[in-house]
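Topology and contacts: notes
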Amino acid sequence: MSEIERHAYDVVVIGAGGSGLRAAIEAHEQGARTAIVCKSLLGKAHTVMAEGGIAAAMGNVWEQDNWQVHFRDTMRGGKMLNHWRMAQLHAQEAPDRVYELEAWGALFDRTKEGKISQRDFGGHRYARLAHVGDRTGLEMIRTLQQRAVSLGIDVFMECTVTQLLKDGDRIAGAFGYWRESGRFVCFEAPAVVLATGGIGKTFQITSNSWEYTGDGHALALRAGATLINMEFVQFHPTGMVWPPSVRGILITESVRGEGGVLRNSENKRFMFDYISEYFKQETADSEDEADRWYGDHVNNRRPPELLPRDEVARAINSEVKAGRSSPHGGVFLDVATRRSAEDIQRRLPSMYHQFKELADVDITKEPMEVAPTCHYVMGGVEVDPDTAQSIVPGLYAAGEVAGGMHGSNRLGGNSLSDLLVFGKRAGEYAAQYATGLDARPAIADADLDGAGRHALAPFESDSGENPYTVHQDLQKTMQSLCGIIRKEEELRQAIDVLQEYKQRVPHTSVEGNRQYNPGWHLALDLYNMLLVSECLARAALERTESRGGHTREDFPQADPVWGTKNIVCRAEGDGVAIAAQPLPEMPDELKKLFEEPAE
Amino acid sequence: MSYEATFKVWRGNADGGAFQDYTVAVNEGEVVLDIIHRIQATQAGDLAVRWNCKAGKCGSCSAEVNGRPRLMCMTRMSTFTEQETVTVNPIRTFPIIKDLVTDVSYNYEKAAQIQAFTPPADVKPGEFRMQQVDVERSQEFRKCIECYLCQNVCHVIRDHEENKPKFAGPRFLMRIAELEMHPYDTADRRKLAQEDFGLGFCNITKCCTEVCPENIHITDNALIPMKERVVDTKYDPLGFLWRKFKSPDSKRSRG
Ligand SMILES: Cc1cc2nc3c(=O)[nH]c(=O)nc-3n(C[C@H](O)[C@H](O)[C@H](O)COP(=O)(O)OP(=O)(O)OC[C@H]3O[C@@H](n4cnc5c(N)ncnc54)[C@H](O)[C@@H]3O)c2cc1C
Ligand code: SF4
Ligand code: SF4
Ligand code: FES
């Protein structure tokens with residue numbers, strides 16, 4: 001395949017969300033020749049959808065806030081399964097990364113003193129989320145996109161990477177196709193940064209877009225890297241429920257941060273019944289105290305509606321199961337009786353718009369119906385905390401595709417800050433690695449041929465299955481057998497059924513030609529979703545406890561022994577092998593932060 | 001609740017194409033994008049369409065639905081009668097790639113020509129102090145999701161390919177206004193607006209404002225003030241800078 005289009009760079013960043021853009025900016029500023037490759041148009045990555053805000057302990061609203069408190073909240077939110085060093089770096093560096101955005105033109109909402117305003121979110125002790133109304137992700141991606149463009153960084157948009165290429169044990173580049181023409185392209189690069197986001201499209205009810213097919217997770221596995229924490233999937237408590245076509249679309253947590261409360265069909269604020277032992281000390285036990293908290297965080301404890309997401313999602317699930325659901329099988333999220341119509345429209349404009357347009361509901365007058373939706377994957381590529389490098393030399397990962405930072409459950413707002421902190425680090429170390437090499441790795445022609453043959457396979461078979469049907473079936477399997485509440489026999493069944501998909505996926509066939517052909521693209525994405533699903537199912541079966549984004553009906557308690565271990569996945573044959581691995585030990589000075597009383 | 005609807009969807013590429021008819025199920029609450037996806041999944045696997053968020057946040061799914069420029073994910077099927085044929089074609093101002101997907105690179109080229117936000121050299125990150133009222137004007141423009149519907153309807157370029165090199169369209173004139181109204185920006189982009197981006201072509205018809213899914217007052221709040229600013233201070237750099245920092249009407253006082 002010598003005639004294939006080729007480009008040579010020092011660093012190729014796969015993904016143009018917050019983490020990819022931040023990585024590319026940094027790599028470029030370090031002097032590396034840098035390119036960004038992404039599946040959608042520039043500015044459309046998932047990051048654009050983020051609503052609530054960026055968590056950073058700037059202390060603009062509550063001066064008591066600092067990185068230690070943020071670190072502690074993050075670790076407790078993740079049920080102590082986070083990599084302590086990632087959580088530490090994240091909490092320490094997030095404020096500078098936010099200030100940097102402002103210096104690049106971002107316009108955050110302001111405090112009276114003219115500083116960046118910060119809002120409350122679940123699991124954060126103080127109001128900590130820098131935001132712009134409820135469109136923070138748009139502000140972030142636009143700022144980074146405009147910065148990257150003004151620096152003149154090359155962007156290959158609507159270009160999908162299907163394989164990483166290696167020279168011996170190290171990275172040599174990436175292979176992909178242009179969506180527009182279907183033609184192949186090869187990137188020669190000693191350093192590749194994965195910034196491909198999540199895996200939500202493996203589930204039926206999800207807040208995620210078509211891009212979230214776990215490409216980066218699968219690319220990394222096939223290149224010999226390891227994934228950790230794949231059993232932990234975040235089901236966001238508040239997805240839309242009705243009408244069916246919008247099922248799963250996100251309702252930002254800011255609705256609760258701004259005073260919204262959850263009620264069941266009996267009009268009861270049921271979250272008070274679901275305060276676990278773990279969070280008892282720091283959670284209000286009466287409606288009065290909870291309501292006072294909005295004005296005074298120091299002398300009151302947080303409302304239970306703002307417990308971490310795993311807790312709230314499980315509670316909603318239980319209410320629905322107990323028969324106290326709203327008409328369409330969710331619960332009510334009420335902000336209408338709690339805040340003035342004017343405040344709601346000003347603080348939550350896009351939620352107001354979304355419900356008005358898509359559901360005929362005026363949220364200033366009526367409650368919303370909500371239920372959990374697959375939102376975020378905590379699991380991802382195992383990386384070195386400081387450099388973001390995987391175990392494969394030259395392969396880096398940042399953002400949602402990286403694992404470890406969030407442990408078993410991510411706090412709201414901690415993703416956008418994660419993207420900035422580790423995006424920058426990945427770009428910095430990838431650039432250093434690439435420009436420090438004596439010789440550039442080489443790409444073997446045979447590898448390119450193989451990648452090309454694999455990509456064209458769906459055009460070869462004409463009697464095969466429709467990729468859309470296979471995808472829908474896979475989503476149903478994952479939703480029903482590996483969803484929010486799991487148990488052994490269902491997970492075993494899932495693993496069996498996934499073996500059958502291994503026969504089905506290579507037999508999908510597509511109509512039409514290579515020009516902008518979504519059926520073909522999906523047929524290739526299916527391989528990634530399948531591999532990621534297997535990681536998830538196997539890790540979930542192995543972890544015989546409940547913790548964060550992994551709930552086992554047959555093992556409802558957290559198990560202290562499991563609390564010291566990660567599950568690591570690696571590719572083996574056409575499947576996945578798993579192993580338990582001890583968590584890294586936290587230094588004593590950080591351990592002390594957890595000894596103080598919670599309030 | 002379900003019914004069978006008739007859709008006419010434009011299929012083809014740069015070499016040509018035609019409308020094709022599809023009979024397809026529609027369920028309660030669905031939007032046009034859902035129906036396009038159903039056609040794709042069951043009848044035309046290679047039907048090309050862009051989308052990401054399905055919630056009006058990313059600006060990917062622009063098309064013309066029954067002749068109106070719309071986001072397909074925000075166009076509810078309940079706005080049509082069950083008997084009505086729904087016609088979907090790609091936005092017209094940009095070259096066709098395939099089916100509903102167009103080549104919007106014009107927009108990325110214009111965006112790249114704008115001088116980025118340029119704060120004073122002595123203000124360090126973390127030192128910015130701005131009042132909410134002072135950022136709100138630019139914030140309105142930063143709601144833009146880059147759906148390019150405004151670009152699509154603006155008559156200056158809609159059927160005038162020849163104007164594209166000299167006119168950047170409402171989206172990017174507004175981007176200039178946004179930067180010019182940023183309390184800390186020090187650059188002067190009036191010449192760019194007037195001479196390279198063709199601000200003078202705009203005769204304030206407000207067609208752009210009418211289609212904006214974000215309800216941004218493009219004409220009143222961005223284009224007209226930009227026109228005033230350009231005329232007011234044309235080629236008077238000193239006077240311009242003076243106004244920029246002192247006048248309550250242009251850049252406001254800092255926090
Ligand atoms: C509705 C919603 C609201 C949210 N709100 C918040 C919030 O308020 N605060 C918060 O902290 N987090 C929030 N999150 C989570 C957060 O937005 C995401 O976790 C984060 O944006 C992911 O960013 P990323 O840089 O990792 O990837 P993304 O922004 O998803 O970007 C992934 C990029 O990778 C590219 N890509 C993927 N595969 C390939 C491939 N094979 N080849 C080439 N390119 C590829 C894609 O095209 C895309 O450019 C929200 C998420 C959703 C869905
Ligand atoms: S107001 Fe100006 S920019 Fe907007 S559509 Fe009319 S001519 Fe075009
Ligand atoms: S200004 Fe409005 S219509 Fe124009 S691109 Fe932005 S969001 Fe779309
Ligand atoms: S899909 Fe994002 S705006 Fe329609």
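Predicted, not measured: the structure shown is a model, and the values here were computed from it.

Definitions and cut-offs
- Residues numbered from 1 in each chain as written.
- Chains lettered and ligands numbered in written order.
- Predicted model: local features only at pLDDT ≥ 70, side-chain atom pairs only at ≥ 80, totals over all residues.
- Heavy atoms only, no water.
- Helix = DSSP H or I, 4+ residues; strand = E, 2+ residues; numbered from the N terminus.
- Rg over C-alpha atoms; globule rule 2.2 N^0.38 Å.
- Buried < 20%, exposed > 50% of the residue type's maximum accessible area, 1.4 Å probe, protein only.
- Contact = heavy atoms within 4.5 Å.
- Areas by Shrake-Rupley, 256 points an atom, 1.4 Å probe, with all protein chains shown as cover.
- Core = buried A, V, L, I, M, F, W, Y, C linked by side-chain atoms within 4.5 Å.
- Domains from an automatic or database assignment.
- Salt bridge = Lys/Arg side-chain N within 4 Å of Asp/Glu carboxyl O.
- Polar contact = N/O pair within 3.5 Å; in protein donor to acceptor, adjacent residues only side chain to side chain.
- Near = heavy atom within 4 Å.
- Nonpolar A, V, L, I, M, F, W, Y, C, P; charged D, E, K, R; others polar.
- Buried area = accessible area lost by both parts, 1.4 Å probe.

**Focus on the overall build of chain A**
What chain A contains, in helices and strands, is 16 helices and 20 strands. Against the globule reference of 25 Å for 599 residues, chain A gives a C-alpha radius of gyration of 23 Å, in line with a compact fold. In terms of overall dimensions, chain A has a C-alpha envelope of 70 × 50 × 50 Å along the principal axes. Evaluated residue by residue, chain A yields a buried proportion of 67% over its 599 residues. Within chain A, contacts between residues separated by at least 24 positions form 74% of all contacts whose residues are at least 6 apart in sequence. Surface exposure of chain A reaches about 19,300 Å², of which carbon and sulfur atoms provide 46%.

**Topic: the nonpolar core**
Core analysis: the largest hydrophobic core is formed by 231 residues, its most contacted members being Val11 and Leu395 of chain A together with Phe7, Ile36 and Met72 of chain B. Broken down by element, this core gets its largest block of residues, eleven residues, from helix H15 (residues 518-542) of chain A. Mapped onto the domain boundaries, this core takes at least three residues apiece from domain 1 (3-101) and domain 2 (104-241) of chain B. When sequence neighbours within four positions are dropped, the list of residues in contact with isoleucine 36 of chain B reads Phe7, Val9, Leu47, Val49, Met72, Val88 and Leu100 of chain B. Core analysis: the second largest hydrophobic core is formed by 15 residues, Ala172, Phe184, Trp520 and Ala523 of chain A among them.

**Examining the interface of chain B and chain A**
Taken together, the contact pairs 58 residues of chain B with 63 residues of chain A. One can count five salt bridges joining chain B with chain A. A salt bridge links arginine 142 of chain A to glutamate 146 of chain B; its shortest N-O distance comes to 3.9 Å. Taken together, the connections running from chain B to chain A amount to 36 residue pairs in polar contact (both at pLDDT 80 or more).

**Points about the site of ligand 3**
Close to ligand 3 lie Cys144, Ile145, Glu146, Cys147, Tyr148, Cys150, Met174, Cys212, Pro213 and Ile218 of chain B. By residue class, the composition of the shell around ligand 3 is nine nonpolar, no polar and one charged.

**Points about the domain arrangement of chain B**
Residues and elements named next belong to chain B. Domains assigned within chain B are domain 1 (3-101) and domain 2 (104-241). Each partner contributes to the interface: domain 1 provides 15 residues, whereas domain 2 provides 18 residues. Carbon and sulfur atoms supply 55% of the area buried between domain 1 and domain 2, which totals about 1,300 Å² over both sides. Here domain 1 and domain 2 share two salt bridges between them. Here aspartate 159 and arginine 92 are joined by a salt bridge, their closest N and O atoms 2.6 Å apart. The interface formed by domain 1 and domain 2 holds seven residue pairs in polar contact (both at pLDDT 80 or more) in total. Where the side of domain 1 that touches domain 2 is concerned, the elements lending two or more residues are strand S3 (62-65) and strand S4 (68-71). Each residue belonging to the side of domain 1 that touches domain 2 can be placed in one class, and the counts come to six nonpolar, four polar and five charged.

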